[in-house]
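Close look at the chain arrangement
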Amino acid sequence: MGATVELKCKGKDEEHPSRPSATWDSPQAAYGSYRPGLSPYLHYWHGLRASRKETEPLPDYDPDAGSELPGQMQETLEDLIRRSFGS
Amino acid sequence: MIAQAMISAFEQFLDDPAGILPADAINPAPQEFDDSDLTDPALGYLSDDALPDPESGCIIAIIDDAIPFAHETLRLKNGHSRVASIWVQDARHQPGGTGADLPSGIELRGTAIDEWLTSAASGHIPGEDSIYRQSGTVDMGRPTTPSAAYAYGHGAAVAALAAGFSPEDPSARNHPVIAVNLPAKITEDSMGTLAPVSILASMLFIITRARRLCRFIEKRRGLMAGSVRLPVVVNLSFGLTAGARDGSSLLEQFMDAVSVSGSDDLGPIHFVLPTGNHRLSRLHGHLNPGQDLGWRLPPDDRTITGLEVWGPVREGLPDNKLQITLTPPGMAGATTAFSAPWQFTVMHDATGQEIARAYYTPRYLGNDQWREGVTVIVMPTCPERLHEPYAPAGEWRIGISESSVDAEYQIGVQRDEVIRGFHREARQSWLHDPEYRIHDEAGRLIETDAQNGGAPRVLRRGTMNAYAGGKHSLRAGAVDGQRMHPSPYCSLLHDDAGGDCLAVVDRALTQAGMLVRGRNSGSFGVMSGTSMAAPQLTKWLARQLAQGQPVNDRAAIRALAVTQSATPFPTPVLPHSDKFPPF
């Protein structure tokens, strides 16, 4: 069995002060409303295709614009079921 | 009303920011669905001589690629097709054809397939291959991977296992088939992250066409409207290796809801999925705040690399949001600063180049229950185009910030491999913990966490397909025919089981794979994986339902399998034959 190694999260100035820092920029909202299939991966692909001029870029949203998305997912689900079994 | 529902539901499918569909596949003017499918012979779902028994039929539905709809195992002895409808989502749209209500591609129905088969049988067209080409399913001149042209593609094997019968088998007629050919780009994307919309659209299509098939049977047999309610078993041999795995994704919730809600004019719907193939791939682990794990990214990966972090179920969304610390190789790490749902943030290296992104994606589970999640996307370690961002290969580290709520967090790495036959220069990343052991002292694979010993943060338990975390979907695992024990690759559910039911896929521990049918009648190949187990469970369940077995939920289905299994415990292995049928 391999030796037990305690792995601790390192702050950027701990232990390796000479290493260059990676940085996160300020969080932005990815979407303003929910729709089926929406995901971080789709957001990335959309951005990549927009950078290649293959599609329109996504609009910029306020940082809190996605706050309602988790609740909207439930409404989307109910809508899909209604459509599946609509008479 | 049905037509309007279909069109409006597919609006999301048409909004295709990932470019899944070729431009010429789009239906520019979807039309409303009317009742002409019940009266126009050209729009018929099945020949009268292929209609199932209204009382004991069971529809088998398949969502995959390369569906061999002209294959002999999907025909009856009288030559008629059992395929009532197939939607080829990325075929070039044909104005005026069947499926005018669909947003893309073409729909082929049973009576049209019968015409192709008759033409082939009479020598007017040269065989099965020409059926796929002339119908538009295979078009070598288009810029998409023609997996339907492969000698033995994934969907060909899956469809034949799920719905293939000997034409001589009298029970075949009771199993009409509805199928969806997914776009090549969905199969190509081994991460599976582009698939949910296409799969949801496929499920809506299957439900809608299954209901119409029931009405069609009523009409042709002169039965009372609403009296035919065939059950449906849907096979989805696709999956993800990262996700919440608790049934909370839209796709899982939809499958659960459809499984229990049903409809007045359709029988029960069951979904069957593979348990997954990544038990030993080191893609799953767990961490507490303040801990971190190695995450090794190979060089020359021209695709993004994904990882998801999911917290425990908790009441309310905490003020101190889940934050992750990401440490690229050779750099000091940095911690996110999320403050609201669905925020994303971009990581830059010291030169200002984008190397990764993170998204905060909490899920509301109802009743004030929440699960926090973060998705990390690292840029390709080799850019697809020169000017595009790329990230360093090597050992990254993923950690949970000490400021996050004290709990255990699940870590999942997305699959990122090249699918045979597809162009996609992917390379699989994996989690690294020195305490995780791959082999024992004798050189054998260590198959369980208990055998590993110690307390590694990389786990084998809970490696199940992230589409299969719902309460009602059935999970099929793979065993080898000698040990009748789950194959080492077969993922594990949260309770260490290899699935709800198991099926023989591999011949032996040292002989992976089983004989499977190819696209053309008489062709065959060898394939492995739980994708081959799921269709075996699908077919078995469809036969049980056709025989009137009163099994409505996962527990009842498993209990029935136990009664028929020669290896019923700890998880029932479905009855199987070592013989490959000769037709």
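Residues numbered from 1 in each chain as written. Chains lettered and ligands numbered in written order. Predicted model: local features only at pLDDT ≥ 70, side-chain atom pairs only at ≥ 80, totals over all residues.

Details of the overall build of chain A
What counts here: Runs of H or I in DSSP of at least four residues are treated as helices and runs of E of at least two as strands, each being numbered from the N terminus. Think of it this way: build a C-beta for each residue from its backbone, and any pair within 7 Å is a contact.
On a plain count of helices and strands, chain A comes out with 2 helices and 2 strands. When the elements of chain A are put in sequence order from the N terminus, they spell out β-β-α-α. Across chain A, contacts joining residues at least 24 apart in sequence account for 70% of those joining residues at least 6 apart.

Thoughts on the overall build of chain B
Selection rule: Using C-alpha atoms as the atom set, the radius of gyration is obtained and then compared with a globule rule of 2.2 Å times the number of residues to the power 0.38. Any residue surrounded by 20 or more other C-beta atoms within 10 Å of its C-beta is treated as buried, while 12 or fewer makes it exposed and the intermediate range makes it partly exposed; C-beta atoms here are placed from the backbone.
Per the secondary structure count, chain B includes 11 helices and 22 strands. Taken against the 2.2 N^0.38 rule, which gives 25 Å for 583 residues, the C-alpha radius of gyration of chain B at 24 Å falls within 12% of a compact globule. Based on the C-alpha atoms only, the size of chain B along its principal axes is roughly 70 × 55 × 50 Å. Buried residues in chain B amount to 56% of all 583 residues. Here the contacts in chain B between residues at least 6 apart in sequence split such that 74% fall between residues at least 24 apart.

A few points about the interface of chain B and chain A
This is how the line gets drawn: Residues are grouped as follows: nonpolar covers Ala, Val, Leu, Ile, Met, Phe, Trp, Tyr, Cys and Pro; charged covers Asp, Glu, Lys and Arg; every other residue, Gly included, is treated as polar. DSSP-based pairing: two strands are paired if at least 2 bridges between them are found.
Chain B puts 69 residues into the contact, and the matching count from chain A is 56 residues. In the side of chain B that touches chain A, the residues fall into 37 nonpolar, 25 polar and 7 charged. Bridge analysis of strand β2 (residues 28-29) of chain A against strand β12 (residues 343-348) of chain B gives 2 bridges, and the strand direction is antiparallel. Opposite Gln28(A), over in β12(B), you have Phe344(B) as the bridge partner.

Considering the domain arrangement of chain B
Put simply, an interface is often sized by how much accessible area is lost when its parts join up. Residue and element names in this part refer to chain B. Heads up, the condition is: As annotated, the domain borders come from an automatic or database domain assignment.
According to the domain assignment, chain B consists of domain 1 (1-279 + 460-583) and domain 2 (284-452). For domain 1 versus domain 2, the distance between C-alpha centres works out to 32 Å. Between domain 1 and domain 2, the contact holds 24 residues from the first and 25 residues from the second. Taken together, the residues of the side of domain 1 that touches domain 2 sort by class into 7 nonpolar, 12 polar and 5 charged.

Focus: unusual backbone geometry
All names here are of chain B. Here the bond from Phe 569 into Pro 570 is cis, since omega is 0 degrees, no more than 30 degrees from zero. Despite not being glycine, Arg 245 has its phi angle at roughly 55 degrees, a positive value. Tracing the backbone through its elements, the reader meets Arg 245 in the loop between β5 (232-236) and α8 (250-261). A positive phi is found at Asn 367, a non-glycine position, where the angle reads about 55 degrees. Examined against the element boundaries, Asn 367 turns out to sit in the loop between β14 (363-366) and β15 (369-378).

Brief notes about the pairing of strand β13 (residues 354-360) of chain B
Residues and elements named next belong to chain B. Taking burial as the measure, the 7 residues of β13 include 6 buried ones, the bulk of the element. Alignment of β12 against β13, held across 6 bridges, turns out to be antiparallel. Across the sheet, residue Phe 344 finds its bridge partner in β13, namely Tyr 359. Relative to β15, β13 is paired through 5 bridges, and the arrangement is antiparallel. When the sheet's bridge partners are listed, Tyr 359 is paired in β15 with Thr 375.

A closer look at the sheet that holds strand β4 (residues 177-181) of chain B
Residue and element names in this part refer to chain B. Condition: To get an axis, fit a line to the C-alpha atoms, keeping to the stretch in contact for a helix; angles then go from 0 to 180 degrees between the N-to-C directions.
One open sheet accounts for 8 strands, arranged β3-β2-β4-β1-β5-β6-β19-β20; its pairing is mixed. Edge positions in the sheet fall to β3 (106-109) and β20 (501-506), since each has one partner strand and no second. Between one strand and the next, the sheet's axes are offset by a mean angle of 20 degrees, whatever the strand orientation. Examined bridge by bridge, strand β1 (residues 59-64) and β4 share 5 bridges and lie parallel to one another. Directly across from Ile 63, in β4, lies its bridge partner Val 180.

Notes on helix α1 (residues 40-51) of chain A
In an α-helix there are 3.6 residues to a turn, and that puts residues three or four apart on one side. For the record, the criterion: By this rule the span expected of a helix is its residue count minus one, scaled by 1.5 Å.
Between its terminal C-alpha atoms α1(A) stretches 17 Å, which fits the 16 Å expected from 12 residues at 1.5 Å a residue. The elements touched by buried residues of α1(A) are β9 (305-315), β12, β13 and β15 of chain B. Where α1(A) ends, the next residue or the one after it, Lys53(A), has phi of about 65 degrees, a positive value.

A short note on the sheet that holds strand β8 (residues 292-297) of chain B
All names here are of chain B. Here 5 strands make up an open sheet; going across it, the order is β11-β10-β16-β8-β18 and the pairing antiparallel. At either margin of the open sheet sits one strand with a lone partner, and together these are β11 (334-335) and β18 (430-432). Where β8 lies against β18, 3 bridges are found, and the strand directions are antiparallel. Opposite Trp 295, over in β18, you have Leu 431 as the bridge partner.

A closer look at the nonpolar core
Among soluble globular proteins, nonpolar side chains are generally buried collectively. All names here are of chain B. To keep it simple, the criterion reads: Defined on buried residues, the nonpolar core groups Ala, Val, Leu, Ile, Met, Phe, Trp, Tyr and Cys residues joined through C-beta atoms within 7 Å.
One finds Ala 179, Val 234, Ala 503 and Leu 537 to be the most contacted residues of the largest nonpolar core, which totals 178 residues. In terms of residues, this core owes the most to one element, helix α7 (residues 195-221), which gives 15 residues. Both domain 1 (1-279 + 460-583) and domain 2 (284-452) contribute no fewer than three residues apiece to this core. In this view, Ala 503 contacts Ala 476, Ala 478, Ala 533, Gln 536, Leu 537, Val 573, Leu 574 and His 576; residues no more than four positions away in its chain are not counted.

Side note on the confidence of the model for chain A
Selection criterion: On a range of 0 to 100, pLDDT expresses the predictor's confidence in each residue.
For chain A, per-residue confidence averages 82 on the pLDDT scale, and residues scoring 70 or more make up 78% of the total. Scored below 50 in pLDDT, residues 1-13 of chain A makes 28 contacts in the model with residues more than four places away or belonging to other chains.

Some remarks on the packing of helix α2 (residues 69-84) of chain A against α8(B)
The line we're drawing: Should an angle fall under 35 degrees it is called roughly parallel, over 145 degrees roughly antiparallel, and 65 to 115 degrees roughly perpendicular, with every other angle called oblique. Left-handed is the label given to a crossing in which the near helix is rotated counterclockwise from the far helix by less than a right angle, and right-handed is the label when the rotation is clockwise.
At a closest axis distance of 10 Å, the pairing of α2(A) and α8(B) adopts a crossing angle of 45 degrees. In this view, α2(A) runs oblique relative to α8(B), as classed from their interaxial angle. For α2(A) against α8(B), the interelement crossing comes out right-handed. Mapping the contact onto sequence places Met73(A), Thr76(A), Leu77(A), Leu80(A), Ile81(A) and Ser84(A) in α2(A) and Leu250(B), Gln253(B), Phe254(B), Ala257(B), Val258(B) and Ser261(B) in α8(B). For the contact of α2(A) with α8(B), the class distribution of residues is 8 nonpolar, 4 polar and no charged.

Brief notes about helix α10 (residues 533-546) of chain B
Residue and element names in this part refer to chain B. With 14 residues, α10 extends 20 Å from end C-alpha to end C-alpha; this agrees with the ideal 20 Å at 1.5 Å per step. Within α10, 12 of the 14 residues are buried, which leaves the element mostly enclosed by the surrounding structure. For α10, the set of buried residues is Ala 533, Ala 534, Pro 535, Gln 536, Leu 537, Thr 538, Lys 539, Trp 540, Leu 541, Ala 542, Leu 545 and Ala 546. Downstream of α10 by a residue or two, Gly 548 has a phi angle that is positive, lying close to 85 degrees.

Comments concerning the pairing of β5(B)
All names here are of chain B. The condition that has to hold: Here is how to tell: hold the view so the strands point away, follow the path from the first strand over the helix to the second, and if it runs clockwise the crossover is right-handed.
Within β5, 5 of the 5 residues are buried, which leaves the element mostly enclosed by the surrounding structure. On β5, burial covers both faces: Val 232, Val 234 and Leu 236 on one face and Val 233 and Asn 235 on the other are all buried. The pairing of β1 with β5 spans 5 bridges and is classified as parallel. Bridging from a neighbouring strand, Ile 62 pairs with Asn 235 of β5. You can see the chain leave β5, run along α8 and come back into strand β6 (residues 269-274), and the turn it takes is right-handed.

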